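Per-entry structural report
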Amino acid sequence: MAEPATLPVLDLNVLIAMYGDDSAETITLALSGFRREATHYVQQLQDVGQPSARKDHAPTDNVQTDNALADTARLCHSLKSMCGLVGAAKLMQLCIALEQAAWQQDLPTLQSGLLKLAGVWPETLAMLNLILLQHGYTDV
Amino acid sequence: MCNILFIDDDAFILSAYQRMLRGSVYQACYLQQPAQLWQQVYLTSLTIVLADQQMPGITGTELLLQLQHNHPAIKRVLISGDLTLAIEQLAPELTLDAALAKPCSKVALLDCLQRLSGGLTATT
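This is a predicted model, so every value here is computed, not measured.

A few words now on the overall build of chain A. Secondary structure summary: chain A contains six helices and zero strands in total. The 140 residues of chain A split such that 46% are buried. Of the contacts made within chain A by residues no fewer than 6 positions apart, 70% connect residues no fewer than 24 positions apart. Accessible area for chain A stands at about 6,800 Å²; split by element, carbon and sulfur atoms hold 54% of it.

Here the amide bond leading from B:Lys102 into B:Pro103 is cis, since omega sits at 0°, within 30 degrees of zero. By the element assignment, B:Pro103 lies in the loop between β5 (98-101) and α4 (106-116). Positioned with a positive phi, A:Gln105 is a non-glycine residue whose angle comes to about 55°. Among the structural elements, A:Gln105 can be located in the loop between α5 (89-103) and α6 (107-134).

Each partner contributes residues to the interface: chain B has 16 residues there, and chain A has 23 residues. Considering only the side of chain B, the residues that lose the most area to chain A are B:Phe12, B:Arg19 and B:Gln54, jointly responsible for 43% of the buried surface there. Our count for the contact surface shared by chain B and chain A stands at three salt bridges. With its nearest N and O atoms 3.5 Å apart, the salt bridge here joins A:Asp21 to B:Arg22. The tally of links from chain B across to chain A stands at five residue pairs in polar contact (both at pLDDT 80 or more). By residue number, the principal contributor to the side of chain B that touches chain A is helix α1 (residues 11-20) of chain B, which donates six residues. Partitioned by chemical class, the residues of the side of chain B that touches chain A number seven nonpolar, three polar and six charged.

Of note, B:Lys106 is situated in helix α4. Buried B:Lys106, no salt bridge; nearest opposite-charge side chain is A:Asp21, N-O distance 6.2 Å.

What follows deals with α5(A). In an α-helix, one turn spans 3.6 residues, which is why side chains three or four residues apart end up on the same side. All names here are of chain A. Taking 1.5 Å of rise per residue, the 15 residues of α5 would be expected to cover 21 Å, and the 21 Å separating its terminal C-alpha atoms lies within 8% of that figure. Turning to α5, its buried residues are Lys-90, Leu-91, Gln-93, Leu-94, Cys-95, Leu-98, Glu-99, Ala-101 and Ala-102. Contacts from the buried residues of α5 go to α2 (24-49), α4 (69-86) and α6. Residue Gln-105 follows α5 closely and has a positive phi angle near 55°.

Our focus in this paragraph is the nonpolar core. Ranked by internal contacts, the top residues of the largest apolar core, which has 61 residues, are A:Leu31, A:Phe34, A:Val86, B:Leu50 and B:Leu109. Every residue in contact with A:Leu31, bar those within four places of it in the chain, is listed here: A:Leu10, A:Leu12, A:Leu15, A:Val86, A:Leu128, A:Ile131 and A:Leu132.

Attention now moves to the sheet that holds β5(B). All names here are of chain B. Read from one edge to the other, the open sheet built from five strands follows the order β2-β1-β3-β4-β5, with strand pairing classed as parallel. Each end of this open sheet is capped by a strand with a single partner; those strands are β2 (28-31) and β5. Mean inter-strand twist for the sheet, computed between neighbouring axes without regard to direction, equals 20°. Taken strand by strand, α1 contacts β1 (4-7), β2 and β4 (75-80), and its axis lies near 175° from that of β2.

Rules and cut-offs
Residues numbered from 1 in each chain as written. Chains lettered and ligands numbered in written order. Predicted model: local features only at pLDDT ≥ 70, side-chain atom pairs only at ≥ 80, totals over all residues. Heavy atoms only, no water. Helix = DSSP H or I, 4+ residues; strand = E, 2+ residues; numbered from the N terminus. Buried < 20%, exposed > 50% of the residue type's maximum accessible area, 1.4 Å probe, protein only. Contact = heavy atoms within 4.5 Å. Areas by Shrake-Rupley, 256 points an atom, 1.4 Å probe, with all protein chains shown as cover. Buried area = accessible area lost by both parts, 1.4 Å probe. Salt bridge = Lys/Arg side-chain N within 4 Å of Asp/Glu carboxyl O. Polar contact = N/O pair within 3.5 Å; in protein donor to acceptor, adjacent residues only side chain to side chain. Nonpolar A, V, L, I, M, F, W, Y, C, P; charged D, E, K, R; others polar. Lys, Arg positive; Asp, Glu negative; His and termini not counted. Expected span 1.5 Å × (residues − 1). Core = buried A, V, L, I, M, F, W, Y, C linked by side-chain atoms within 4.5 Å. Pairing = 2+ DSSP bridges. Axes fitted to C-alpha atoms, helices over the stretch in contact; angles between N-to-C directions.

This is the structure in structure tokens:
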């Protein structure tokens, strides 16, 4: 399995192969839709990873106290599929690791993955916006 | 009237299927709330239902099993991000006509629909 650092942030060839269409219309429709939906999923994952206001809580306490590991795994599972459709390889790889960690209740790995999300998501978002602009989509 | 139904709680995935079928011969409908399946007026006109496995409230396999009991003539396709696990966990009485890995490409989707439609040409 490739290390996330070596994976492309966004591989447009994957999107074109999945949709069977390389038109700017399809690319912008897919990427703008992905950006909208993925933002919602990432926000939920970031909420899971947020440290509690209480000082004695670790960053993953929200996961433990809310018994939300299964929900976290499901969020990652859905986001993984969405990433697979548009070629967001780096974020997809991270989702795979997060989903596995959540199902296995591996909190250190989950915490580490959620921290990585804080870097991978802005990188993905920046690339999405760049490609959308390159294809004539101005709402970035 | 649609004869193919996609069920997935994720709007983005449904919009992708819609885009993939654009210009094809298939008349598809899309449903985000699996529980609403039984209220759909087009239910009796359906020939194929494709359901995502992981949905809130009910799994794709549970929904397809209900469909098999209530409308056995409708062909059943499971779509899953973890197809191996989903197949392993299938209820023994559930019969699927096909299973697709999620995300599925336009090529895989059209191949599946063409096969289940008895060779109906995929594009107009």
